[in-house]
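# Understanding the architecture of this molecule
Read off the chains here:
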Amino acid sequence: MHAVFFSCGMLAIAFVALITLYIVTAGLPAIGEIGLKEFLLGAEWKSTAAEPKFGILPFILTSFWGTLGAVIIGVPVGVLTAVFLSKVAGPRLAGVVRPAVELLAGIPSVVYGLVGMMVLVPLMMEVFRLKNGTCLLAAILVLAVMILPGIISVSETALNAVPPDYEQASLALGATWMETVFKVSLPAAKSGIGAGVVLGVGRAIGEAMAVMMVAGNVANMPGLFKSVTFLTTAVAKEMSYAGGLQRQALFSIALVLFIFIMLVNGLLGRVLKRGNKE
């Protein structure tokens with residue numbers, strides 16, 4: 001059994017290594033031909049023009065601000081929902097809310113995108129008086145909802161794992177229950193909650209289908225009410241018909257996205273480790 005487990009672990013590592021090797025070898029040639037500065041800092045993407053331009057700065061900034069906006073909205077809602085399920089709601093109420101959260105995790109991305117396109121986009125047009133409701137704000141709202149299940153489930157598990165002795169000691173010293181929850185239980189579960197946040201960030205960065213349906217897919221610099229393109233959607237919308245340098249540039253975008261995700265996960269991991277030491 002030791003050999004079986006070791007083989008499975010090595011197989012998983014091999015898959016990651018092969019994917020990394022393929023993305024790097026497929027993405028570097030276009031960057032070398034286009035130029036690193038022009039590719040990363042160029043503000044125009046015109047891959048099918050007579051004189052094509054392959055600047056992905058709008059995609060990078062859109063992905064950054066879109067992910068940040070989704071995290072700012074989704075993390076507080078997710079953590080507070082986990083607190084409610086773990087420490088506040090009674091068994092019956094939690095038994096109703098928890099399956100609903102689990103159902104959110106099982107809904108396909110295309111369904112989120114369809115609901116966003118049919119409900120959220122017209123609402124954006126009506127509320128903000130826009131000619132076109134497909135915009136960055138709509139994508140942020142959809143992503144915020146999509147990252148909730150992972151954050152809630154992982155955070156609730158972390159809160160349930162807090163030793164009851166911690167909370168009982170706090171109550172014995174005169175703290176109220178809500179003071180105990182927010183000043184004892186949450187700090188004690190911060191490692192698990194941080195893992196849920198990392199999971200949510202990973203999904204927000206890597207989502208393509210849902211944001212493709214509500215973001216507008218125009219290579220603009222990011223603005224809340226402007227149609228935009230994310231790194232993921234830039235690859236997805238053109239890969240089916242791309243060829244030559246255009247196809248190689250799409251692999252280069254995938255490489256940038258891969259590095260972006262690795263940097264974000266590494267940074268969040270270091271923050272969590274530092275928080276645990278403190």
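Above this text is the structure in question.
Below: a short report on this structure. On a predicted model such as this, the values are computed, not experimentally measured, just so you know.

Bringing the overall build of the protein into the picture now. For the protein, the count of helices and strands is 13 helices and two strands. Dimensions along the principal axes, computed over C-alpha positions, put the protein at roughly 75 × 60 × 35 Å. Buried residues in the protein amount to 40% of all 278 residues. A sequence separation of at least 24 residues applies to 70% of the contacts in the protein between residues at least 6 apart. Taken as two groups, the 18 positive and 13 negative side-chain charges of the protein have centres that lie 3 Å from each other.

Turning next to the pattern of salt bridges. Scanning all chains against the criterion turns up four salt bridges. A salt bridge links Glu44 to Lys46; the nearest nitrogen and oxygen atoms lie 3.2 Å apart. By relative accessible area, Glu44 is classed as partly exposed at 34%. In this structure, Glu44 engages Lys53 in a salt bridge whose closest nitrogen and oxygen atoms are separated by 3.1 Å. When salt bridges that share partners are traced, they join Glu44, Lys46 and Lys53 into one network.

Attention now moves to the nonpolar core. Of all hydrophobic cores here, the largest spans 60 residues; its most connected members are Phe39, Trp45, Phe230 and Ile253. Ranked by the residues each element gives to this core, the list is headed by helix H13 (residues 245-277), at nine residues. Not counting residues up to four positions away in its chain, the partners in contact with Phe39 are Ile31, Ile34, Phe54, Gly55, Ile56, Leu57, Ala249, Ser252, Ile253 and Val256. Counting residues in each nonpolar core, the second largest holds six residues, with Leu85, Ala89, Leu148 and Ile152 among its members.

Another aspect to go through is a nonpolar patch on the surface. Together, Val110, Val111, Leu114, Val115, Met117, Met118, Val119 and Met209 give the surface a local cluster of nonpolar side chains, amounting to about 680 Å² of exposed area. Ranked by residue count, the leading element in the nonpolar patch is helix H5 (residues 109-128), at seven residues. Considering the arrangement of structural elements, one finds Met118 in helix H5. Met118 sits in the exposed class, given a relative accessible area of 57%.

Here the structure, examined in full by the defined rule, presents five aromatic pairs. Taken together, a centroid distance of 4.8 Å and an interplanar angle of 45° make the contact between Phe128 and Phe225 tilted. Placement of the pair is Phe128 in helix H5 and Phe225 in the loop between helix H11 (209-214) and helix H12 (231-238), with a sequence separation of 97 residues. Ring-pair connections join several aromatic residues into one group, and the members of that group are Trp45, Phe54 and Phe59.

Further remarks concern the packing of helix H3 (residues 57-88) against helix H10 (residues 190-206). Interaxial distance between H3 and H10 falls to 10 Å at its minimum, and their mutual angle equals 140°. Regarding H3 and H10, the two cross each other, and that crossing is right-handed. Residue-level inspection shows Thr67, Val71, Val75 and Val79 of H3 in contact with H10, the latter providing Ile193, Val197, Val201, Ala204 and Ile205. Residues belonging to the contact of H3 with H10 are distributed by class as follows: eight nonpolar, one polar and no charged.

Thresholds applied
Residues numbered from 1 in each chain as written. Predicted model: local features only at pLDDT ≥ 70, side-chain atom pairs only at ≥ 80, totals over all residues. Heavy atoms only, no water. Helix = DSSP H or I, 4+ residues; strand = E, 2+ residues; numbered from the N terminus. Buried < 20%, exposed > 50% of the residue type's maximum accessible area, 1.4 Å probe, protein only. Contact = heavy atoms within 4.5 Å. Lys, Arg positive; Asp, Glu negative; His and termini not counted. Charge placed at Lys NZ, Arg CZ, Asp CG, Glu CD. Salt bridge = Lys/Arg side-chain N within 4 Å of Asp/Glu carboxyl O. Core = buried A, V, L, I, M, F, W, Y, C linked by side-chain atoms within 4.5 Å. Patch = residues over 30% accessible without salt bridge, like charges linked within 9 Å, V, L, I, M, F, W, Y side chains within 5 Å. Areas by Shrake-Rupley, 256 points an atom, 1.4 Å probe, with all protein chains shown as cover. Phe/Tyr/Trp six-rings, centres within 6.5 Å; stacked < 30°, edge-to-face > 60°. Axes fitted to C-alpha atoms, helices over the stretch in contact; angles between N-to-C directions. Left-handed = near helix turned anticlockwise from the far one by under 90°. Nonpolar A, V, L, I, M, F, W, Y, C, P; charged D, E, K, R; others polar.

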